[in-house]
Amino acid sequence: MALELQGGLIGVEGTSNPTAAEKQECIETVSQYAINGWAVAGNPKTPIGWLAALTAETACVPFVNLTRLAAHAQPEGEPA
């Protein structure tokens, strides 16, 4: 059963070629927020976004795919 969302939403972004330290920081930060009931948002097509999505899934908190959200937010007739 998923944790009840209590905190809010944390957005995750990073470099296109993250270092091991940046990956570790991502896991630790997302895990800490997830423990406190925060949802996670990011672009899973980036290395850090993908890692954040996996961490959120493991912690059983919602993950908001910003790529899909942006695609749905386009005005009528405009390409995504």
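Here is a short report on the structure shown in this document. (Residues numbered from 1 in each chain as written. Predicted model: local features only at pLDDT ≥ 70, side-chain atom pairs only at ≥ 80, totals over all residues. Heavy atoms only, no water.)

Some details on the overall build of the chain
Of the regular secondary structure elements, the chain holds three helices and three strands. Secondary structure of the chain in N-to-C order comes out as β-α-β-α-β-α. A fraction of 62% describes how many contacts in the chain between residues 6 or more apart in sequence connect residues 24 or more apart. Within the structure as shown, the chain displays about 5,600 Å² of accessible surface, and the carbon and sulfur contribution to it stands at 56%. (Helix = DSSP H or I, 4+ residues; strand = E, 2+ residues; numbered from the N terminus. Contact = heavy atoms within 4.5 Å. Areas by Shrake-Rupley, 256 points an atom, 1.4 Å probe, with all protein chains shown as cover.)

A short note on helix H1 (residues 20–35)
In this model, H1 (16 residues) spans 22 Å end to end at C-alpha, consistent with the 22 Å of a helix rising 1.5 Å per residue. Of the residues making up H1, those classed as buried are Cys 26, Val 30 and Ala 34. Taken end-on, H1 shows its buried residues confined to a sector of 50 degrees, consistent with a single buried face. Opposite its buried face, H1 presents the exposed residues Ala 20, Ala 21, Glu 25 and Ile 35, each directed more than 90 degrees away. (Expected span 1.5 Å × (residues − 1). Buried < 20%, exposed > 50% of the residue type's maximum accessible area, 1.4 Å probe, protein only. Arc of directions from axis to C-beta.)

A look at the sheet that holds strand E2 (residues 39–42)
Read across the sheet, three strands follow the order E1-E2-E3 without closing on themselves; strand pairing throughout is parallel. One side of each edge strand has no neighbouring strand; the edge strands of this open sheet are strand E1 (9–12) and strand E3 (63–65). Ignoring strand direction, the axes of neighbouring strands in this sheet form an average angle of 25 degrees. Direction of pairing for E1 relative to E2: parallel, over a ladder of four bridges. Residue pairing in the sheet places Ile 10 in a bridge with Val 40 of E2. (Pairing = 2+ DSSP bridges. Axes fitted to C-alpha atoms, helices over the stretch in contact; angles between N-to-C directions.)

Here's the deal with the pairing of E1
Side chains Ile 10 and Val 12 of E1 all project onto a buried face; the interleaved residues Leu 9 and Gly 11 project onto a face where none is buried. Of the crossover connections in this fold, the one passing from E1 over H1 to the parallel E2 is right-handed. (Right-handed = clockwise from strand over helix to strand, strands pointing away.)

Examining helix H2 (residues 47–58)
The terminal C-alpha atoms of H2 lie 17 Å apart, and with 12 residues this matches the ideal 16 Å at 1.5 Å per residue to within 8%. Those residues of H2 lying buried are Ile 48, Gly 49, Leu 51, Ala 52, Ala 53, Thr 55 and Ala 56. Here the buried face of H2 lies against E1, H1, E2 and E3. Where H2 terminates, the next one or two residues include Cys 60, which has phi positive at roughly 60 degrees.

By themselves, these observations are geometric and do not establish any function.
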